[in-house]
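Fold and contact review
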Amino acid sequence: MKSLLAVLSLTTALTIPGVAMARPVTLTAQMTNYGGDGAYFAVYLTNRSGAYAGTLWLAGSRSRYFRHLTEWYRAASSTSARIHGVTGASVGAGRTAKVSLDIADALFDAGYTLHVDAAAENMRESRNEVSLPLTTQGSGKAARGRRYVARFAYHM
């Protein structure tokens with residue numbers, strides 16, 4: 001089994017093509033009061049045809065729980081590329097998580113979709129918790145999650 005920490009490197013491929021042409025983006029996830037331990041979640045991109053394009057952010061540090069982020073885990077594990085991603089601690093119920101990173105300009109308005117998969121210990125997994133197009137017009141517009149994420153938005 002691949003070590004998913006070693007697999008967290010494809011994001012470089014998402015930002016390197018446009019290092020000179022990348023923009024800072026802040027991802028914000030406001031969690032619901034779901035009544036459990038800290039949630040793990042993955043923020044990743046798919047391209048116009050729905051194929052996995054890379055991981056932007058992974059909340060949660062214990063790789064043994066990553067398999068519960070079902071759609072992301074399946075997609076990220078199937079790639080032969082190494083993935084560099086921003087990682088952080090799991091996020092508690094009712095809390096807000098923010099991370100800033102650079103995303104290549106070429107990815108905006110090009111048919112890419114941001115996805116969030118989420119799971120919490122001893123609770124149900126939530127595949128595709130949030131899904132929204134990566135567009136310049138979508139900046140600052142919050143999307144509702146299905147179970148663990150109350151609101152998710154990106155700001156440029």
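What counts, and where the lines are drawn
Residues numbered from 1 in each chain as written. Predicted model: local features only at pLDDT ≥ 70, side-chain atom pairs only at ≥ 80, totals over all residues. Heavy atoms only, no water. Phe/Tyr/Trp six-rings, centres within 6.5 Å; stacked < 30°, edge-to-face > 60°. Pairing = 2+ DSSP bridges. Helix = DSSP H or I, 4+ residues; strand = E, 2+ residues; numbered from the N terminus. Core = buried A, V, L, I, M, F, W, Y, C linked by side-chain atoms within 4.5 Å. Buried < 20%, exposed > 50% of the residue type's maximum accessible area, 1.4 Å probe, protein only. Contact = heavy atoms within 4.5 Å.

1. Re the packing of aromatic side chains
The relation between two aromatic rings is expressed through the spacing of the ring centres and the mutual angle of the planes. Taken as a whole and judged by the stated rule, the model has six aromatic pairs. One aromatic cluster is present, built from ring pairs that chain together Tyr-40, Tyr-65, Phe-66 and Trp-72.

2. A word on the pairing of strand E1 (residues 22-31)
As paired elements, E1 and strand E5 (residues 96-104) share nine bridges and run antiparallel to each other. Its bridge partner being in E5, Ala-29 is matched across the sheet by Ala-97. By the bridge criterion, six bridges tie E1 to strand E8 (residues 149-155) in an arrangement that is antiparallel. The partner of Thr-26 across the bridge, within E8, is His-155.

3. Quick word on the nonpolar core
Counting 34 residues, the largest nonpolar core has Leu-27, Met-31, Phe-41, Val-43, Leu-114, Leu-134 and Phe-152 as its most contacted members. Broken down by secondary-structure element, the contributors of at least two residues to this core are E1, strand E2 (39-46), strand E3 (52-59), E5, strand E6 (113-120), strand E7 (126-133) and E8. Ranked by residue count, the leading element in this core is E5, at five residues. Each residue touching Leu-114, except ones within four places of it in the same chain, is listed here: Val-43, Tyr-44, Leu-45, Leu-56, Val-130, Ser-131, Leu-132, Leu-134, Phe-152 and Tyr-154. In this structure, Tyr-40, Leu-58, Trp-72 and Ala-75 belong to the second largest nonpolar core, which totals twelve residues.

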